[in-house]
Amino acid sequence: MATEIEMDDVQGLILRGYNYPNIRYIIMNIRDVAGAQKFCADLAPDSGAAGLFVTTAEPWDDKPPYCLNIGFTYAGLAKLITTANCNVVSLWSSAEVFGSYTTGSIGDAMQIGDTGASAPANWWKNGGWIAKEPPAADGSDLHIQITLFALTPETREEYYQQLLAMIPSAASGPAVVPVYFQDSDPIVVDDDDNYVHFGYRDSLSQPRIENLLWNKKSVRKLMGVSTIDDRPPVTADRFVISQTAPDYNAHPLLTNGTFAAFRLLYQDVPEFEKFINSDKHTSPELMAAKMCGRWRDGTPLVVSPDSEDKSLGKPTPDNYNFTNFNFLSHTTNQPGNRTSDTDGLRCPYASHIRRANPRDDINVAGNNDMAVTHRIMRRASPYGPPYRPGEEPGIQRGLVGLFIGAVLDFQFRFVTTKWLEMGGFRSPDVSPNQSGVDPLFGPQVADPDPTNDTIFAYNNNGTYNVTPGLTRFIRTDGSLYVFLPGIQGLVSISKGTIPPPNS
Ligand code: HEM
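Residues numbered from 1 in each chain as written. Predicted model: local features only at pLDDT ≥ 70, side-chain atom pairs only at ≥ 80, totals over all residues. Heavy atoms only, no water.

### Observations concerning the overall build of the chain
Item 1. When you go through the chain residue by residue, the secondary structure sums to 13 helices and 15 strands.
Item 2. Over its C-alpha atoms the chain spans a radius of gyration of 22 Å, differing by no more than 12% from the 23 Å that the globule rule assigns to 503 residues.
Item 3. Seen along its three principal axes, the alpha-carbon backbone of the chain occupies a region of about 70 × 55 × 45 Å.
Item 4. For the chain, with 503 residues in total, the buried portion stands at 58%.
Item 5. Excluding contacts between residues fewer than 6 apart, the proportion of contacts in the chain whose partners are at least 24 apart in sequence is 73%.
Item 6. In the form shown here, the chain has an accessible surface area of approximately 20300 Å², with 54% of it arising from carbon and sulfur atoms. (Helix = DSSP H or I, 4+ residues; strand = E, 2+ residues; numbered from the N terminus. Rg over C-alpha atoms; globule rule 2.2 N^0.38 Å. Buried < 20%, exposed > 50% of the residue type's maximum accessible area, 1.4 Å probe, protein only. Contact = heavy atoms within 4.5 Å. Areas by Shrake-Rupley, 256 points an atom, 1.4 Å probe, with all protein chains shown as cover.)

Below, the structure written as C-alpha cells:
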C-alpha cells in the first residue's frame, strides 16, 4: 500500500491545477545570499512573516486570493546551500534525478533540440527582460523562478508588489532582484478560457495520480464526482519525490519536491495558419486536428474522426469524454464507435497528443506501461494577445510555464527527445516520413530533404496525404530546469543547509 502524500509539505501546483486566470512567471537573481535565504524563509507557510507564502497541496475550503510557488535553478541552489552541499545531494541521488538538473537547460540545449533560432544565445530577448544587464551567457545569474497566480490582473500586480516588498535589503541593494517576468492571461473562445494559441482547447488530459485524495474512487463517490476516469493511475513518485520510489534514489533534501522544465515557447501563429491553409485537398480545420490529434474544441480524433462532436458535452474537469480513449483498444467508457486506431488512420502517429502520450500503443519505443513512467504534469498557459489576421508582424505570443516530473530524464527530457522530435518513433510505421517530427513544433533544423521532417503526412482512407512546408512553428525563447522543493526542503534551503542523508 502506497504511503499517503504529505499534502502540507508538497507545493500545490504539482498536484492540482489551480485554474486562476491571471498568472505572472517571474525569474530572480540572487545578489546577497543571507538576504535571499531570509526571503525564502519568509515565503515558507507558517513562517509568521508578513506578506505572501508558498501554496501547498492541502485541500482548501475557499479558493485563496492568490497562489504562489517557487523553484530554484542549480545555480540558485548552489548559491543558497553551497556547491559542496549540492555535491552531497548529487552523490546520494540517482543520476537521472539530479544529473540533468545540474547540467541545466543551457548545457542540455543540444540534446533536447534547442538549437538554431531556439538556441540559448537567443533566450529571454523577446520581451519580459527587466534587468539593466542582459542575462549571462551561461545562465548562471538566473536563480529563482516564482509563479504567482491571481484572480484579476489588478490583484496580480498587488500581490507582486507585496512579494517585492518582502525582499530584504543588503549593503549593495535588494538581496534578490527580479530580472524577468511574463504575464499570462486567458484566451477565451465561446466563453471557455482554456484555449491556447493555434486555436486549440487545452487543459484536457493531465496525469491521474494514484492515492491522491481527490482521485480516490471512494472519495470521488462521496463528493458526487464521476468515477469514470479510464486513464491508468500514475504513482505519486513520478511527481513527488519519494524515498520509497522503486527506480530512483533521492537525497532527503529532495523529498516531497519535484523537478520541472520552465519553458518559454514562442508560437508562430501566422506561419501555422499558412501551413494549415496550404493543402487544397484538406480543410484547415482537419489539418489542424490531424496535427494535434484533437479537433480544436478538444474532441479526440480517435473518438470522432470526421468532425467535432458536441455530444461529448463541455470539457469540464469531470467530463471524461475528452480523455477516455486509447489508440489500440478502446477504454471501458470510451465514447464514439470504439474501433481501434492501431494504424493511425484516425489519429496520426505523428500528432502531438499521440506522441506526447501514446497511451496503450506499445509499438512506440520506450512505452511498455501505458506511458505512465513518462507522464508530464503541464502547468503552462498562454502569453501574448490572440492572433488577428492582418496584424503587424513581430507580436510575441506563445506558451509559458512548467512541465513537471520528479525525474526529468524519464519525463520532460524523455518525451521531448524520444517522442516529440524523432522520426521513426513508432514501429511499424509506413508513413512516408516515418512520422517525422511533432508537426505542432515542426523540424528543429530546416531539413533540405523534403522526405524527412518538412512534410506532414497523415493517412486518409488508406493513402497518405502529404503536405510539404512544415516549418518550425514553436521556438524556445527561454528555458530553466528548476527544483521545486517540499516545504521542509524550502526551510532547509533557507537555512543554507541540507538534512542528513539518512533522515
Ligand atoms: C507551444 C507549445 C505547445 C502547445 C501549443 C501544445 C498544445 C497541446 C494541446 C492543444 C494539447 C491537447 C489538450 C490536452 O490533451 O490536454 C496538448 C496535450 C499535451 N501536450 Fe502539448 N503543447 C505544447 C507543448 C508541449 C510540450 C513542450 C510538451 C512536453 C514536453 C507537451 C506535452 C503534452 C502532453 C503530455 C499532452 C497530453 C496528451 C494526452 O495525455 O493525451 N506539450 N498539448
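After presenting the structure, the write-up continues.
### Some words on the nonpolar core
Side chains that are nonpolar tend, in soluble globular proteins, to be buried together.
Item 1. With 99 residues, the main nonpolar core has L43, I146, L163 and M291 as its most contacted residues.
Item 2. The element that contributes the greatest number of residues to this core is helix α10 (residues 284-292), accounting for 6 residues.
Item 3. Formed jointly, this core draws a minimum of three residues from each of two domains, domain 1 (7-262 + 478-495) and domain 2 (268-373 + 423-477).
Item 4. With residues near it in sequence (within four places) discarded, L43 still touches L52, F53, V54, L68, I70, I146, L163 and M166. (Core = buried A, V, L, I, M, F, W, Y, C linked by side-chain atoms within 4.5 Å. Domains from an automatic or database assignment.)

### A few points about the site of the ligand
Item 1. In the vicinity of the ligand there are 25 residues, among which L204, S205, H352, R359 and R378 approach most closely.
Item 2. One of the side-chain nitrogen or oxygen atoms of S205 is found 2.5 Å away from an oxygen atom of the ligand.
Item 3. Between the ligand and R375, the relevant distance is 3.3 Å, taken from an oxygen atom to a side-chain nitrogen or oxygen of the residue.
Item 4. Considered class by class, the residues forming the shell around the ligand number 13 nonpolar, 6 polar and 6 charged. (Near = heavy atom within 4 Å. Polar contact = N/O pair within 3.5 Å; in protein donor to acceptor, adjacent residues only side chain to side chain. Nonpolar A, V, L, I, M, F, W, Y, C, P; charged D, E, K, R; others polar.)

### Here's the deal with the side chain of R346
Item 1. Relative to the assigned elements, R346 resides in the loop between α10 and α11 (352-356).
Item 2. Within polar-contact distance, the side chain of R346 engages the backbone oxygen of V302 at 2.3 Å.
Item 3. What R346 contacts, discounting residues up to four positions off in sequence, is K290, L301, V302, V303, P305, N337, T339 and D341.

### Structural notes on the coordination of the iron atom of the ligand
Reference geometry at the metal: tetrahedral coordination by four donors gives ideal angles of 109.5 degrees; octahedral coordination by six donors gives 90 or 180 degrees.
Item 1. No protein donor other than H352 (NE2) coordinates the iron atom of the ligand, and that contact is at 2.1 Å.
Item 2. Considering the arrangement of structural elements, one finds H352 in helix α11. (Donors = N, O, S within 2.8 Å, 3.2 Å for Na, K, Ca; no water.)

### With respect to the environment of R294
Item 1. Examined against the element boundaries, R294 turns out to sit in the loop between α10 and α11.
Item 2. Using a relative accessible area of 5% as the deciding quantity, one classes R294 as buried.
Item 3. The sequence separation of R294 and D8 amounts to 286 residues, and the corresponding C-alpha distance is 36 Å.
Item 4. Among the polar contacts made by the side chain of R294, one reaches the main-chain carbonyl oxygen of G298 at a distance of 2.8 Å.

### Topic: unusual backbone geometry
Item 1. Residues S427 and P428 are joined by a peptide bond in cis, for which omega reads 5°.
Item 2. By the secondary structure assignment, P428 is in the loop between α12 (412-420) and β13 (455-460).
Item 3. Of note, T82 is a non-glycine position whose phi angle comes to about 80°, a positive value.
Item 4. Tracing the chain through its elements places T82 in the loop between α3 (74-81) and α4 (83-92).
Item 5. With relative accessibility at 39%, the residue T82 sits in the partly exposed group.
Item 6. For D191, which is not glycine, the phi dihedral falls at a positive 65°.
Item 7. Counting through the fold element by element, D191 comes out in the loop between β7 (187-189) and β8 (192-196).

### Description of the packing of aromatic side chains
Item 1. Taken as a whole and assessed by the stated rule, the structure comprises 26 aromatic pairs.
Item 2. Judged by centre distance (6.5 Å) and plane angle (65°), the rings of Y101 and F483 are edge-to-face. With Y101 in helix α5 (residues 95-107) and F483 in strand β15 (residues 474-484), this residue pair connects regions lying 382 residues apart in the sequence. Neither Y101 nor F483 differs from the other in exposure class; each is buried. (Phe/Tyr/Trp six-rings, centres within 6.5 Å; stacked < 30°, edge-to-face > 60°.)

### As for α5
Item 1. In this model, α5 (13 residues) spans only 15 Å end to end at C-alpha, well below the 18 Å of a helix rising 1.5 Å per residue.
Item 2. Where α5 bends most, at Y101, the angle is about 40°.
Item 3. Along α5, the residues classified as buried are V97, F98, S100, Y101, G104 and S105. (Expected span 1.5 Å × (residues − 1). Bend = angle between axes of the 7 residues up to and from the residue.)

### A short note on the pattern of salt bridges
Item 1. If you walk through the whole model with that rule in mind, you get 23 salt bridges.
Item 2. Note that R201 is salt-bridged to D192, the shortest N-O span being 2.9 Å.
Item 3. Overall, the relative accessible area of 16% leaves D192 in the buried class.
Item 4. With a closest N to O distance of 2.8 Å, R475 and D477 form a salt bridge. The pair formed by R475 and D477 is uniform in burial state, with each residue classed as buried.
Item 5. Salt bridges linked by common partners bring R24, R156, E157, D183 and D185 together as one network. (Salt bridge = Lys/Arg side-chain N within 4 Å of Asp/Glu carboxyl O.)

### A few points about the side chain of R201
Item 1. Examined against the element boundaries, R201 turns out to sit in strand β9 (residues 200-201).
Item 2. A polar side-chain atom of R201 sits 2.9 Å from a polar atom in the side chain of D192.
Item 3. In this structure, R201 is in contact with D192, N194, Y195, R296, D297, G298 and P315, ignoring residues within four places of it in sequence.

### Considerations on the sheet that holds β8
The pairing of strands in a sheet comes from backbone hydrogen bonds and takes either a parallel or an antiparallel form.
Item 1. Strand order in the open sheet formed by 3 strands is β7-β8-β9, with antiparallel pairing between adjacent strands. A strand with exactly one partner marks an edge of an open sheet, and here the two such strands are β7 and β9.
Item 2. Sheet topology note: the β8/β9 ladder contains 2 bridges and is antiparallel. Within β9, the residue paired with V196 across the bridge is Y200. (Pairing = 2+ DSSP bridges.)

### Looking at the environment of A57
Item 1. The topology assignment puts A57 in the loop between α2 (33-43) and β2 (66-72).
Item 2. Given the relative accessible area of 0%, A57 is considered buried.

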